[in-house]
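Now for the letters of each chain:
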Amino acid sequence: MEDLEAKMREPELVGCFEDALQFDHIYAVYQPQINHSTGRMVGAEALMRWKHPIYGVQMPGDFIPVLEKNNLIYRADLHIFETVCRFQRKCLDQGISIIPISVNMSRYDIYNTNYVEEIEGIRKKYDIPVKYLRLEITESSAIGGREMITRVLRQLHDHGYTVEMDDFGSGYSSLNILKDLDVDVIKLDMAFLSGDIGGRGGTILSSIVQMTKWLNTPVIAEGVETLEQADYMKSTGCNYIQGYLYYRPLPEEEFLEKMTQLEHEPLTPAMHLIKTLDAGKFWDPNSMETLIFNNFVGGAAIFTYNKSTKAKKILRVNRKYVKELGMNMTERDIIGKDVWNAFDSHEEQKYEDMLLRAIVGGEEEMSETWRKVYSDCCGEDKICIRTYVREIGEAGEEYLFYAMVQNVTAEKKRDLQLAEDEARYKFAFEQANVYAWEYTIATKEMRPCFRCMRDLGLPPLVRNYPEPAIEQRIFPPDYADMYRDWHKQLEQGVESLEAIIPLTVGRVPFHVRYTLEKDENGKPLKAYGSATLVINED
């Protein structure tokens with residue numbers, strides 16, 4: 001007899017329920033979940049279907065409410081769970097590589113105190129590794145009875161199950177549920193993107209994806225029907241797709257064929273965080289991590305950097321960070337701003353090179369960069385910031401960094417002034433034909449000026465002075481003993497010495513002087529020597 005595809009009434013559905021279980025008229029179809037970036041299969045969802053031998057296929061929206069009303073959905077859910085386990089066991093026995101399959105868990109399952117024990121008994125009966133089974137709880141079923149749901153989730157986690165929140169964003173308490181329930185995977189309801197891809201719905205979806213990165217929670221976009229939707233979700237950092245764009249729900253044999261054809265990969269969080277960072281605690285205002293961040297470290301910030309777009313966004317700063325920047329700025333002046341605008345092209349490249357070194361090497365890196373800062377009250381200024389960064393997470397081309405900063409503007413300005421003074425000093429020395437050096441009496445070490453090193457070939461540090469200078473004939477042999485005696489006199493505390501001495505093999509006359517420096521106890525410490533060219537005015 002042909003299928004009539006007729007809608008069954010409630011009494012007929014209830015009356016046929018036992019036969020539907022016994023003869024698998026209630027069965028599972030499978031909708032694959034795909035990584036849109038790689039084309040690999042990361043999992044699948046098992047969906048309940050009912051096909052009556054006479055009346056044909058019954059729509060889930062028609063029969064599931066009837067099963068719920070008559071307290072039959074619990075047994076139907078267990079039947080689907082066993083159907084999935086039986087299918088996976090058949091695959092394993094045939095040496096077929098399997099993927100995790102999600103099974104829906106209704107609010108009626110949660111209220112049944114034996115649910116976790118029942119599914120554990122089925123799983124063990126078929127000897128299926130728990131990593132290949134996931135349980136889905138809908139957002140709507142999580143509203144109300146929070147303590148009971150929390151208890152069931154804890155039991156499932158104790159047994160090693162992965163728990164997914166289905167239809168996230170379709171209800172009215174999404175953020176509260178996400179905050180309170182310890183779920184492992186979030187499935188986004190693509191109804192948010194009805195109409196235009198952009199707009200308010202797209203902004204909300206993008207924000208949710210960014211938020212789940214901090215929770216270290218993978219995200220699957222459910223109900224994706226167009227390539228435009230899939231590409232948009234990929235641009236937000238959500239690569240995992242379930243929907244008609246790739247596959248409609250497939251009968252078991254078709255699903256088995258696709259599962260064997262496609263490569264598999266594990267479902268992973270969007271943001272890979274370092275093991276020592278607990279993001280949940282870090283964002284908790286009352287946690288020890290936040291207390292340390294705010295009070296016991298120097299200027300610190302958390303920011304993201306996109307390697308492709310160069311975009312950099314500060315997510316969080318502490319009070320000391322704001323203080324280091326100065327200009328009476330506030331956190332509001334900093335958070336979310338495009339900080340690249342503060343750099344010129346050269347300084348921007350220095351900063352980016354530091355980030356790339358940190359990404360490649362996995363170690364802390366440092367740079368000093370000049371940047372412009374502006375505040376409404378103080379106007380504009382240019383400051384130098386010493387930054388230490390370490391990568392703490394990544395998601396595709398986006399990286400998460402922890403930064404420590406020091407305002408070194410005053411130090412760098414002093415260095416610049418010293419460099420300018422040294423340049424003028426060198427120029428004056430060049431014009432005056434003066435050589436200078438420093439002699440440490442206790443160690444007999446001499447440190448020459450730049451002209452001594454350049455013109456006379458002396459190293460930066462001369463040991464056992466003055467012997468090397470005598471050996472090089474900087475001081476000629478007939479003056480060698482006199483020069484040695486000078487150093488003995490300096491050891492004895494003679495405060496100054498001077499004479500005209502012909503230096504180098506060319507015997508060029510120089511006015512050589514020594515001035516002694518003593519320590520606080522009057523003991524000879526250092527002597528400062530100079531040699532000035534004697535100019536013959538004849």
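See the structure printed just above.
With that settled, the discussion passes to the overall build of the chain. Helix and strand counts for the chain come out as 18 helices and 20 strands. The proportion of buried residues among the 538 residues of the chain is 44%. Residue pairs in contact within the chain that sit at least 24 positions apart in sequence constitute 59% of those at least 6 positions apart. Counting only carbon and sulfur atoms, one obtains 50% of the accessible surface of the chain, whose full area is about 27800 Å².

What follows is about the environment of Pro100. Tracing the backbone shows Pro100 in the loop between α3 (73-93) and β4 (101-105). Given the relative accessible area of 14%, Pro100 is considered buried. Leave out the neighbours within four places in its chain, and Pro100 touches Val42, Gly43, Ala44, Lys131, Tyr132 and Arg134.

In this structure, Leu156, Met233, Phe255 and Met259 are the most contacted members of the largest nonpolar core, which totals 75 residues. The greatest single-element share of this core, amounting to ten residues, is contributed by α3. In terms of nonpolar packing, the next biggest core, distinct from the first, is built from 28 residues, Tyr439, Ile441, Ala480 and Leu503 among them.

This paragraph deals with the packing of aromatic side chains. Considering all chains together, one arrives at 15 aromatic pairs under this definition. Ring centres of Tyr439 and Tyr465 lie 5.9 Å apart, and the angle between their planes is 50°; this geometry places the pair in the tilted category. Taken together, the positions of Tyr439 in strand β16 (residues 434-440) and Tyr465 in the loop between α16 (450-456) and α17 (467-471) put the pair 26 residues apart, joining distant regions of the chain. Here Tyr439 and Tyr465 have matching classes, each one buried. Members of the aromatic cluster, connected to one another through ring pairs, are Trp437, Tyr439, Tyr465, Phe475, Tyr483, Trp486 and Tyr514.

Running from amino to carboxyl end, helix α1 (residues 10-22) crosses α3 at an angle of 15°, the nearest separation of the two axes being 11 Å. In terms of axis orientation, α1 runs roughly parallel to α3. Pair α1 / α3 crosses with left-handed handedness. Along its contact with α1, which presents Phe17, Glu18 and Leu21, the element α3 presents Arg75, Ala76 and His79.

One pass over the full model with this rule turns up 33 salt bridges. Between Asp93 and Arg89 there is a salt bridge, and its shortest N-O distance comes to 3.1 Å. Of this pair, Asp93 and Arg89 both sit in helix α3, four residues apart, roughly one helical turn. Its relative accessible area of 21% is what places Arg89 among the partly exposed residues. Among the salt bridges present, the one from Glu347 reaches Lys350, with a minimum N-O distance of 3.7 Å.

Put simply, Tyr465 and Pro466 share a cis peptide bond, and its omega is 15°. Checked against the element boundaries, Pro466 lands in the loop between α16 and α17. Even without a glycine there, the phi angle at Asp127 is positive, about 55°. Along the chain, Asp127 falls in the loop between α5 (115-126) and β5 (133-138). Positive phi, close to 50°, is recorded for Arg507, a residue that is not glycine. Within the secondary structure layout, Arg507 lies in the loop between β18 (496-503) and β19 (508-518).

Taken in spatial order, the five strands line up as β17-β16-β20-β19-β18 in an open sheet, and their pairing is antiparallel. Two strands in the sheet have a free side with no partner beyond their single neighbour: β17 (445-448) and β18. On average, each strand axis in the sheet is tilted by 20° relative to the strand beside it, whichever way the strands run. In this structure, β18 lies alongside β19, joined through eight bridges in antiparallel fashion. Directly across from Ile501, in β19, lies its bridge partner Phe510.

The end-to-end C-alpha distance of helix α14 (residues 345-361), which contains 17 residues, comes to 24 Å, matching closely the 24 Å that a straight helix rising 1.5 Å per residue would cover. Listed as buried for α14 are Glu347, Tyr351, Glu352, Met354, Leu355, Ala358 and Ile359. The buried residues of α14 occupy one face: seen down the axis, they fall within an arc of 150°. Residues of α14 that are exposed and angled more than 90 degrees away from the buried face: Ser345, His346 and Val360. Those residues of α14 hidden inside the fold are in contact with β11 (299-306), β12 (312-317), β13 (365-375), β14 (379-395) and β15 (398-407). The backbone nitrogen of His346 has a side-chain oxygen 3.1 Å away, supplied by the residue at the start of α14, namely Asp344.

What counts and what doesn't
- Residues numbered from 1 in each chain as written.
- Predicted model: local features only at pLDDT ≥ 70, side-chain atom pairs only at ≥ 80, totals over all residues.
- Heavy atoms only, no water.
- Helix = DSSP H or I, 4+ residues; strand = E, 2+ residues; numbered from the N terminus.
- Buried < 20%, exposed > 50% of the residue type's maximum accessible area, 1.4 Å probe, protein only.
- Contact = heavy atoms within 4.5 Å.
- Areas by Shrake-Rupley, 256 points an atom, 1.4 Å probe, with all protein chains shown as cover.
- Core = buried A, V, L, I, M, F, W, Y, C linked by side-chain atoms within 4.5 Å.
- Phe/Tyr/Trp six-rings, centres within 6.5 Å; stacked < 30°, edge-to-face > 60°.
- Axes fitted to C-alpha atoms, helices over the stretch in contact; angles between N-to-C directions.
- Parallel < 35°, antiparallel > 145°, perpendicular 65-115°, else oblique.
- Left-handed = near helix turned anticlockwise from the far one by under 90°.
- Salt bridge = Lys/Arg side-chain N within 4 Å of Asp/Glu carboxyl O.
- Pairing = 2+ DSSP bridges.
- Expected span 1.5 Å × (residues − 1).
- Arc of directions from axis to C-beta.
- Polar contact = N/O pair within 3.5 Å; in protein donor to acceptor, adjacent residues only side chain to side chain.

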